[in-house]
Amino acid sequence: MTVELAHHLYLLIAVLGLALSVSYGGQPVLCQGAFLAVGGFGVVHLERAGLPLAAAAFAAAAIAACAGYLVGLLTARLRGAAVALSTWAFAWLVYALLQAFPAVSGGSQGLVRPTPARLNSPFFGVTVTLTPWAHVAVAGTLCLLSLAAVARLTRGPAGLDWAALREAPALATSLGVPVLRRRAALFATTAAIAAVSGAGITVLLGVAAPSDVSPLLSLQLFVAALIGGTARLWGPVLGLLVIAVIPPLGDALAGAVGLPAGASGGVLTALALVAVPFLREPIERLAAWWPERAERPREPVEHSGEFTTSTVSREGVMLAAQGLDVGIGETDILTGVDLEVRAGEVHALIGPNGSGKTTALRALAGALRPKGGRILLEETDVTGAGQFEMVRRGVTRTFQRTVGLERLCPHRQVLLGVRGGTPVPFAVVRHLFGSASMQDHAATADREAWRALHVTELAQRAFDRPGALGAGEQRLLQVARAVATGARVLLLDEPAVGMTGPERAALARVLRRLAAGGVAVLLVEHDLALVYGVADRITVLDRGRVLASGTPESTAADPAVRRIYLGDADPSSTPA
Amino acid sequence: MSGVVALQAFLSGLALGTAYGLIAMGFSLVYRLTGVISFAHGDLVVGGVFIGVLVVLGSTPVAAALDVVHSVGLAVLIVAAGAALSAGVYLVAVRPFLPGVGHRSTRGDVLGWVAGGLAAGLLIREVLGLVLTQDAYAVPDPLRLGSLTPSGVLQLPGGGTVAVRTLGVIGIGLAVGILVERLLVLTPVGTAMKAVSEDPTAAALLGLPVRRLVLVAFVVAGALAGLAGLLISPDRSLGVDDGVVLGLKAMAAALMGGLGSVRGALAGGLALGVIESFVVASSVLGPHYADVVPLAILLIVLALGRRGLRSPLREDLE
Amino acid sequence: MALLDVRGLCARHGAVPVLDDVSFHVERGEIVALLGGNGAGKTTVARAVSGLHRPSSGEVMFDGRDITRCDPRRIIQGGLSHVPDGRRVFPSLTVEENLTLGGYLDGRRKNVVAERREGVYRTFPRLAERRAQRAGSLSGGEQQMLVIGRGLMSDPSLLVLDEPSAGLAPASIAALAEDIAAIRAAGTAVLLIEQYLQLALRLADRLVVLQEGHVILSGSTAAVAADPRIGRMYFGDGNPLK
């Protein structure tokens with residue numbers, strides 16, 4: 001009984017580790033059993049090679065972390081279904097390896113090590129015998145520690161990263177968060193925790209056998225993580241219930257219909273797996289009632305309200321495109337586009353649907369590599385620099401659609417932008433261990449965040465639920481996040497979509513305020529009323545070429561522009 | 001590796017690859033129409049074979065000689081069982097999670113159909129496992145391809161021999177594979193399926209029965225999987241759990257052939273079969289690597305596959 | 001009785017309201033243009049009319065029947081054909097195959113389909129020249145002809161065209177205008193959804209203007225075009241055009 005309890009607690013550690021990737025990182029990982037195997041078989045082999053038990057367990061976890069990082073990098077670019085496929089294949093690959101090489105796995109009997117294990121410390125001169133109760137204590141402590149660590153991490157920078165990875169990877173990339181590396185790191189952590197769990201189980205039972213770490217285990221752990229994962233605190237308890245209840249329930253059911261014990265565990269896992277997608281929504285709805293508790297930092301008192309960027313040349317050209325050719329696949333979207341965005345100016349880019357406005361914006365942000373021409377940032381050639389590089393250099397863009405980070409209050413969302421724009425090395429680890437320098441960083445970041453909220457007139461709503469914000473405020477929040485990266489050039493893609501009249505007026509004020517602070521704003525917009533009210537300069541695109549460029553007055557008087565907007569027929573004449 | 005051994009490995013690789021190709025064709029077809037990666041697809045192969053055997057023999061498989069009636073019955077039943085299982089998997093585990101016709105999101109509830117497919121496969125394995133308790137079974141050959149010549153083997157130039165059955169498998173498998181591929185290109189139903197795969201919303205707006213066409217695709221895919229099981233299971237002992245790895249290998253084949261291309265899937269299957277056969281025959285690697293290498297190929301093809309905007313498996317982060 | 005009668009249509013995307021109490025009608029054989037900027041809800045109107053989007057309230061009457069919650073197939077059979085935006089041809093199929101699929105619901109009556117196809121070829125001779133070519137290799141203007149032709153293959157009494165002029169060269173737009181006029185001349189009513197005035201002013205008998213999901217203006221083309229609000233919609237209050 002004690003042994004079973006310890007076993008379940010060790011599995012719960014693996015579930016908690018898996019929940020990092022599945023629930024927090026949003027990746028359907030189906031190979032947790034494989035990392036358990038790395039821990040279980042690794043610890044036995046390393047011990048046989050002469051390492052003491054504790055060192056062997058650490059080393060096995062380190063190996064698993066490396067393997068996890070590699071698999072994480074392999075899957076980081078994939079969509080959800082492909083991640084599931086990839087990790088599922090990896091689970092079977094490890095299983096196939098174990099079966100094909102008895103020298104590693106000990107064949108179907110597995111590798112045996114003496115129980116109970118003894119921890120010897122010649123230094124302290126003590127020997128601890130790991131009885132089942134000692135295992136319960138160790139596993140229980142590890143569970144509590146990991147729960148506490150996760151709870152602490154969620155409130156810090158890691159919580160921001162996870163929300164971004166899970167809900168809006170493209171948005172995170174646009175704000176300068178290295179999504180691929182973060183995913184791989186999360187995967188490595190998951191794998192290392194699994195290895196610890198695997199090592200614990202092997203030491204507890206005295207055997208590591210391939211059949212104990214089959215892909216079925218991976219599926220069971222996945223189910224447990226899904227059921228328990230979306231809910232923050234009581235989730236793991238549910239997960240443990242899944243692990244602990246399925247086998248005995250399966251045996252009982254099998255006994256009731258006269259089948260051999262253990263035969264129906266898989267059937268129950270399958271049923272639980274089917275139930276998960278149906279259960280997820282109610283569980284998430286419950287979880288939403290339990291909003292993520294972030295620390296509510298007070299707004300710093302000494303707020304100036306003034307907004308200026310550290311721009312060197314206030315009137316100079318910040319970002320310029322020269323003869324830009326851009327294509328997507330075979331299709332040419334832009335040909336020979338020239339564009340200059342100046343510091344302290346709002347430059348509007350307008351044109352009919354399909355004229356290439358968004359493509360131009362993406363190319364300038366570094367998200368698309370141009371086929372020809374140059375992009376200059378303050379006279380430095382940045383053609384072909386990726387999106388990261390551009391964010392670091394101070395060029396940030398927003399998206400046409402509102403991308404949700406539904407669990408994060410505006411203040412935290414804006415912090416994500418601060419963190420992307422000016423990253424702090426090893427912030428997550430340093431926050432976890434309460435490094436003192438992190439407090440300074442946090443204070444600076446907080447000031448930046450408030451500055452961005454004030455400039456976008458969202459300071460009143462800083463701690464509201466994003467769902468409670470109006471459509472227009474959500475769009476302003478996008479601008480706020482981009483401002484928070486410390487951008488000197490803002491590339492805004494249709495920020496006014498879905499805004500009401502007063503909201504548009506607010507947006508116009510915000511844009512003027514940003515320009516007055518020295519930011520160069522490029523505004524792609526359909527709402528010509530807004531454009532003509534706010535822009536210093538207008539460029540009109542038509543079918544991938546610049547049709548006209550200049551002051552609002554000169555472009556509005558341009559006959560070519562009038563033709564594409566109002567048609568060549570005189571409105572007063574009778575229609576043909 | 002001598003010339004004769006290489007030729008033998010090549011031929012048995014082609015036979016194996018034909019089966020992979022047939023499974024992969026179904027996988028690609030389903031993927032093309034729905035964007036669904038069918039996680040239960042490999043289990044349809046094993047499920048089809050064992051259901052057929054259980055029904056016809058009325059017992060767990062024995063390598064019995066079958067009379068003509070039972071042979072035909074078994075062959076038909078295996079293919080039909082594959083098709084029926086596939087339709088069942090679609091209706092129960094996939095369709096509830098697909099977006100409605102003309103819905104803006106094209107992929108539906110991804111976690112739903114991934115979990116549904118995995119669960120369906122697991123359920124097939126576990127339910128069959130209740131009856132079939134051994135690790136593996138020898139399955140009778142209803143097509144009796146081995147008895148085409150008295151000795152069951154053919155002499156190869158250079159001294160070796162090859163089982164007639166191997167050639168039979170290649171012949172039947174390729175013929176059916178190419179026939180199905182042609183039918184998909186030339187018949188109105190094939191054209192309609194292509195339209196659905198390219199733009200389901202536009203297809204629905206023309207009155208095409210999108211859901212029914214998807215069901216047809218799943219049935220065809222299941223029948224192809226059943227046929228693949230029928231062709232290769234007598235050559236080897238078959239276990240209930242073998243389906244997953246078969247399915248994963250077929251996915252590797254489909255990906256190698258450019259996911260979504262039915263013709264490419266068949267070619268990818270042949271290539272993968274030959275690779276696996278040479279791995280097994282090689283003195284450096286050997287039979288231990290029979291599953292390891294294809295699974296590693298799957299991981300690599302997935303990770304390094306097609307980049308770019310429209311790639312269905314990769315996320316566009318920019 | 002109007003051919004299409006939309007009454008009090010409301011629709012939402014998830015929790016976001018997109019259409020609020022939209023009403024308008026289309027008479028037999030007339031061209032009505034539905035105008036509005038990005039995000040005004042034009043496409044949602046089209047999707048609701050053709051059965052792709054379930055409205056949250058309101059009703060859509062077509063040819064005297066309530067089609068509000070009908071399946072797209074039934075609506076097409078009733079004679080309403082929706083040509084979606086974005087020139088959605090089936091790129092790997094030939095022009096002829098694309099057209100044939102347009103007559104899918106009458107697929108058993110092969111000669112009826114062939115006859116209609118010839119009719120489409122007469123309206124769009126360019127398509128006849130390219131009947132064996134893959135649709136993906138056509139130019140933008142030709143693809144637009146193809147999707148309109150495909151929409152005509154079900155022999156509709158109302159054709160809903162969603163942004164047919166988007167991304168077309170001026171010459172193609174001029175040709176498109178003639179084609180649409182020819183379709184109306186043959187007796188088919190057209191609901192033309194457009195962002196810009198150009199095509200609408202040239203063709204429509206009446207205009208309906210949507211803004212943020214509301215109908216803000218409707219009436220005869222001349223009356224709406226003369227309304228100062230239309231200029232404001234495009235160039236704002238400080239209209240530098242005046």
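Definitions and limits used
- Per-chain numbering applies: the sequence of each chain, read as written, is numbered from 1 onward.
- All chains are assigned letters beginning at A, and all ligands numbers beginning at 1, according to the order in which they are written.
- With the structure being a predicted model, the display of local features is reserved for residues of pLDDT at least 70 and the display and counting of side-chain atom pairs for 80 or more, all residues being used for whole-chain, interface and lining totals.
- Excluded from the side-chain calculation are hydrogens and water; included are all heavy atoms of the structure.
- UniProt positions are given in the numbering used here, feature names are shortened, and annotations may be inferred rather than shown by experiment.
- The secondary structure listing takes helices from DSSP runs of H or I that are at least 4 residues long and strands from runs of E that are at least 2 residues long, numbered from the N terminus.
- The contact definition used throughout considers only heavy atoms, calling two residues in contact when any of these lie within 4.5 Å.
- The buried area of a pairing is the accessible area, by a 1.4 Å probe, that goes missing from both parts when the two are put together, added over both.
- Definition used for salt bridges: Asp or Glu carboxyl oxygen within 4 Å of a side-chain nitrogen of Lys or Arg.
- Burial status follows relative accessibility: with a 1.4 Å probe on protein chains alone, a residue under 20% of its type maximum counts as buried, one over 50% as exposed, and anything between as partly exposed.
- Boundaries between domains were set according to an automatic or database domain assignment.
- Gly is put with the polar residues, along with every residue not named as nonpolar or charged; the nonpolar set is Ala, Val, Leu, Ile, Met, Phe, Trp, Tyr, Cys and Pro, and the charged set is Asp, Glu, Lys and Arg.
- Here a Phe, Tyr or Trp ring, Trp counted by its six-membered ring, pairs with any other such ring whose centre lies within 6.5 Å, and the pair is stacked when the planes are under 30 degrees apart, edge-to-face when over 60, and tilted otherwise.
- The criterion for a charge sitting over a ring is simple: Lys NZ or Arg CZ within 6 Å of the ring centre, and within 35 degrees of the ring normal.
- As used in this structure description, the phrase polar contact means that two N or O atoms lie within 3.5 Å; if the pair is within protein, one of them must be able to donate a hydrogen and the other to accept it, and residues adjacent in sequence are counted only when both atoms belong to side chains.

Chain B carries the name Branched-chain amino acid ABC transporter permease in an unreviewed UniProt entry, which gives Planotetraspora thailandica as its organism. Reading the Subcellular location (unreviewed entry) entry of the UniProt record for chain B gives the comment "Cell membrane". Within the UniProt record for chain B, the comment given under Sequence similarities (unreviewed entry) is "Belongs to the binding-protein-dependent transport system permease family. LivHM subfamily."

In the nomenclature of an unreviewed UniProt entry, chain A corresponds to ABC transporter domain-containing protein from the organism Planotetraspora thailandica. Recorded in UniProt for chain A, the comment headed Subcellular location (unreviewed entry) runs: "Cell membrane".

Student: Help me out: how do you make sense of the UniProt feature "transmembrane region" (unreviewed entry) in chain B in this one?
Tutor: Residue and element names in this part refer to chain B. When the UniProt feature table is mapped onto this chain numbering, "transmembrane region" (unreviewed entry) sits at residues 6–31, 43–66, 72–98, 110–132, 162–184, 213–232 and 292–309. End C-alpha to end C-alpha, residues 6–31 measures 35 Å, and it is 100% helix and 0% strand. The span residues 213–232 is 100% helix and 0% strand, and its two end C-alpha atoms sit 29 Å from each other.

Student: Would you mind showing me how to read the interface of chain C and chain B here?
Tutor: For interface size, the figure often reported is the accessible area lost on association. Taken together, the contacts link 22 residues of chain C with 20 residues of chain B. Note on chain C versus chain B: buried area summed over both sides is about 1,900 Å², and carbon and sulfur give 61% of it. Counting the surface chain C buries against chain B, the share from its top three residues, Leu52(C), Phe90(C) and Tyr104(C), is 28%. Linking chain C with chain B are 1 salt bridge.

Student: Sorry, what's going on with the environment of Ala385(A) here?
Tutor: Residue and element names in this part refer to chain A. In this structure, Ala 385 sits in the loop between strand S9 (380–381) and helix H14 (387–393). Judged by relative accessible area, which is 17%, Ala 385 ranks as buried. Sequence separation of Ala 385 and Arg 369 is 16 residues, and the distance between their C-alpha atoms is 8.2 Å. Discounting chain neighbours no more than four positions away, the residues touching Ala 385 are Gly 366 and Met 390.

Student: Can you help me understand the UniProt feature "transmembrane region" (unreviewed entry) in chain A in this one?
Tutor: All names here are of chain A. Using the residue numbers shown here, the UniProt feature "transmembrane region" (unreviewed entry) corresponds to residues 49–71, 83–103, 123–150, 184–209, 221–246 and 253–279. Helix makes up 83% of residues 49–71 and strand 0%, whereas the separation of the span's terminal C-alpha atoms amounts to 26 Å. Secondary structure content for residues 83–103 is 95% helix and 0% strand, and the end C-alpha separation is 30 Å.

Student: Please explain the pattern of salt bridges as it appears in this structure.
Tutor: Pairing of side chains with opposite charge becomes possible as their charged atoms draw close. Within the structure shown, the criterion is met by 39 salt bridges over all chains. Residue Asp381(A) is joined to Arg374(A) by a salt bridge in which the shortest nitrogen-to-oxygen separation is 3.9 Å. According to the relative accessible area criterion, Asp381(A) is partly exposed, its value standing at 40%. Among the ionic pairs, Glu212(C) bridges to Arg504(A), the shortest N-O distance being 3.9 Å. Residue Glu212(C) is found in the loop between strand S9 (206–211) and strand S10 (214–220), and its partner Arg504(A) is found in helix H19 (residues 501–516); the two belong to separate chains. Judged by its relative accessible area of 38%, Glu212(C) is partly exposed. One continuous salt-bridge network, built from bridges that share partners, spans Glu96(C), Arg117(C), Glu118(C) and Arg131(C).

Student: What exactly am I supposed to notice about the interface of chain A and chain B here?
Tutor: At the interface, 47 residues of chain A touch 43 residues of chain B. Roughly 4,200 Å² is buried in total at the junction of chain A and chain B, and carbon and sulfur atoms are behind 75% of that figure. Considering only the side of chain A, the residues that lose the most area to chain B are Arg77(A), Arg79(A) and Leu85(A), jointly responsible for 17% of the buried surface there. Where chain A touches chain B, the interface holds 0 salt bridges. Elements supplying a minimum of two residues to the side of chain A that touches chain B: helix H4 (80–100), helix H8 (169–174), helix H9 (179–205), helix H10 (215–229) and helix H12 (265–289) of chain A.

Student: Looking at this structure, how should I read the domain arrangement of chain A?
Tutor: All names here are of chain A. Examined at the domain level, chain A breaks down into domain 1 (2–212) and domain 2 (405–485). For domain 1 versus domain 2, the distance between C-alpha centres works out to 32 Å. Contacts between domain 1 and domain 2 engage 20 residues on the former and 20 residues on the latter. Between domain 1 and domain 2, the buried area comes to about 1,700 Å², and carbon and sulfur atoms account for 68% of it. Area buried by domain 1 at its contact with domain 2 is led by Arg 152, Leu 160 and Leu 175, which between them contribute 38% of it. In this assembly, domain 1 and domain 2 are joined by 1 salt bridge. The salt bridge partner of Asp 161 is Arg 419, with a shortest N-O separation of 2.6 Å. Among the elements of the structure, helix H6 (132–155) and helix H7 (157–167) are those that each provide at least two residues to the side of domain 1 that touches domain 2. When residues in the side of domain 1 that touches domain 2 are grouped by element, the largest group, 8 residues, is from H7. In terms of residue class, the side of domain 1 that touches domain 2 is made up of 11 nonpolar, 4 polar and 5 charged.

Student: Explanation requested: the packing of aromatic side chains in the structure shown.
Tutor: How two aromatic rings sit relative to each other is set out by the distance from centre to centre and by the angle between their planes. Within this structure, the stated rule accounts for 9 aromatic pairs over all chains. Residues Phe101(A) and Tyr289(B) carry aromatic rings whose centres are separated by 5.4 Å and whose planes lie at 70 degrees to one another, so their mutual orientation is edge-to-face. Taken as a pair, Phe101(A) in the loop between H4 and helix H5 (102–105) and Tyr289(B) in the loop between helix H10 (262–281) and helix H11 (292–304) lie in two separate chains rather than in one. Arranged with centres 4.6 Å apart and planes meeting at 25 degrees, the rings of Tyr90(B) and Phe218(B) form a pair that is stacked. With Tyr90(B) in helix H3 (residues 68–94) and Phe218(B) in helix H8 (residues 210–232), the pair connects residues that are 128 residues apart, well separated along the chain. Just as Tyr90(B) is buried, Phe218(B) falls in that class too. Among the aromatic residues, ring-to-ring pairing joins Phe35(A), Phe90(A) and Phe187(A) into one connected group. Residue placement shows Arg150(C) over the ring face of Phe90(C); its charged tip is 4.6 Å from the ring centre.

Student: Could you clarify how one ought to interpret the side chain of Arg117(C) in this entry?
Tutor: All names here are of chain C. With respect to the helices and strands, Arg 117 occurs in helix H4 (residues 110–123). Owing to a relative accessible area of 13%, Arg 117 belongs among the buried residues under this scheme. Among the polar contacts listed, one links the side chain of Arg 117 to the side chain of Glu 96, at a separation of 3.4 Å.

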